[in-house]
Amino acid sequence: MALLVLLAMSGLHPYDRTTWILEVLPVLVALPLLALTHRRFPLTTLLYVCIFLHAIVLMVGGAYTYARVPLGFQMAEWFDLQRNPYDKIGHFFQGFVPALAAREILIRGKHVRSRRMLGFLVLCIVLAISAAYELIEWAAALSLGQGADEFLGTQGDPWDTQSDMFMALVGAAMALGLFSRGQDRQIAQLHRT
């Protein structure tokens, strides 16, 4: 319920309506999916919390556009950056959360037995999601023309696509390194109930 309220608030007066729709579209897709699968395939609490946090990042980015998020300006000042880095937070979460989701699905479905292969496949899935998202940004740029500037948020960085994908990879690696054991414990608890 809290997420729906935050979603509505983010859409009240966004900086750019088209950008808002494009940025919150993953939330609009995920919420019904999570509601439909909650009883049949409940996720770990860890994953639900991470999905919630990722949704907030997307909604804030959609409301302001990533290049205009106030927290990003503050971070740019703190770290003496040339651009608003909020976009990189979004891409970090774009790797972090899908890594945990892919890992959970692969483990619970017993699709992969080797832990090393599991880690490798999770990173591959995250990079595939990140690349697909960059292709969506490219398609938006082609179809919207100048109107895509708010959605793309490259802020003049010619390497934005590559650094976005790198941030997703960093997010995925951190998720695997920091939360795999905790997620394993929560998955074991789901199997016991």
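In this text, all values refer to a predicted model and were calculated from it rather than measured experimentally.

Calculation criteria
- Residues numbered from 1 in each chain as written.
- Predicted model: local features only at pLDDT ≥ 70, side-chain atom pairs only at ≥ 80, totals over all residues.
- Heavy atoms only, no water.
- Helix = DSSP H or I, 4+ residues; strand = E, 2+ residues; numbered from the N terminus.
- Buried < 20%, exposed > 50% of the residue type's maximum accessible area, 1.4 Å probe, protein only.
- Core = buried A, V, L, I, M, F, W, Y, C linked by side-chain atoms within 4.5 Å.
- Contact = heavy atoms within 4.5 Å.
- Phe/Tyr/Trp six-rings, centres within 6.5 Å; stacked < 30°, edge-to-face > 60°.
- Lys NZ or Arg CZ within 6 Å of the ring centre and 35° of its normal.
- Axes fitted to C-alpha atoms, helices over the stretch in contact; angles between N-to-C directions.
- Parallel < 35°, antiparallel > 145°, perpendicular 65-115°, else oblique.
- Nonpolar A, V, L, I, M, F, W, Y, C, P; charged D, E, K, R; others polar.

Draft legend 1. Representation of unusual backbone geometry. A positive phi angle, close to 75°, is found at T65, a residue other than glycine. With respect to the secondary-structure elements, T65 resides in the loop between α3 (45-64) and α4 (70-78). We classify T65 as buried; its relative accessible area is 0%. The backbone phi angle of K110 is positive, close to 55°, even though this residue is not glycine. Residue position: K110 is located in the loop between α5 (86-108) and α6 (115-144).

Draft legend 2. View of the nonpolar core. Counting 36 residues, the largest nonpolar core has M59, F96, V97, L100 and V122 as the members making the most contacts within it. Put simply, the parts of the chain that give this core at least two residues each are α1 (2-10), α2 (17-37), α3, α5, α6 and α8 (160-192). Sorting elements by how many residues they give to this core places α5 first, with ten residues. Once you skip the residues sitting within four places of it in the chain, L100 turns out to touch L46, L47, C50, A175, F179 and Q183.

Draft legend 3. Structural context of the packing of aromatic side chains. Scanning the model with the defined rule gives six aromatic pairs in all. Taking 6.5 Å as the distance between ring centres and 90° as the angle between the ring planes, the aromatic pair formed by W78 and F79 counts as edge-to-face. Centre to centre, the rings of F93 and F96 are 6.3 Å apart; their planes meet at 50°, and the pair counts as tilted. Within this pair, F93 and its partner F96 are both found in helix α5, separated by three residues, close to a single helical turn. Residue classification places F96 among the buried positions, given a relative accessible area of 8%. Directly above the aromatic system of W20 lies the positively charged group of R17, at a separation of 5.5 Å from the ring centroid. One residue, R108, lies across the ring of F41, its end atom 3.9 Å from the ring centre.

Draft legend 4. Region of interest: the environment of L169. The residue L169 is located in helix α8 in this model. With a relative accessible area of 28%, L169 lands in the partly exposed category. Considering only alpha carbons, one finds L169 and L127, 42 residues apart in sequence, at a separation of 6.6 Å. Every residue in contact with L169, bar those within four places of it in the chain, is listed here: L123 and L127.

Draft legend 5. Representation of the packing of α1 against α3. For the pair α1 and α3, the least separation of the axes is 9 Å and the interaxial angle reads 10°. Here α3 runs roughly parallel to α1, going by the angle between their axes. Of α3, the residues touching α1 (which contributes A2, L3, L6, L7 and S10) are F52, A55, I56, M59 and A63. Partitioning the contact of α1 with α3 into residue classes produces nine nonpolar, one polar and no charged.

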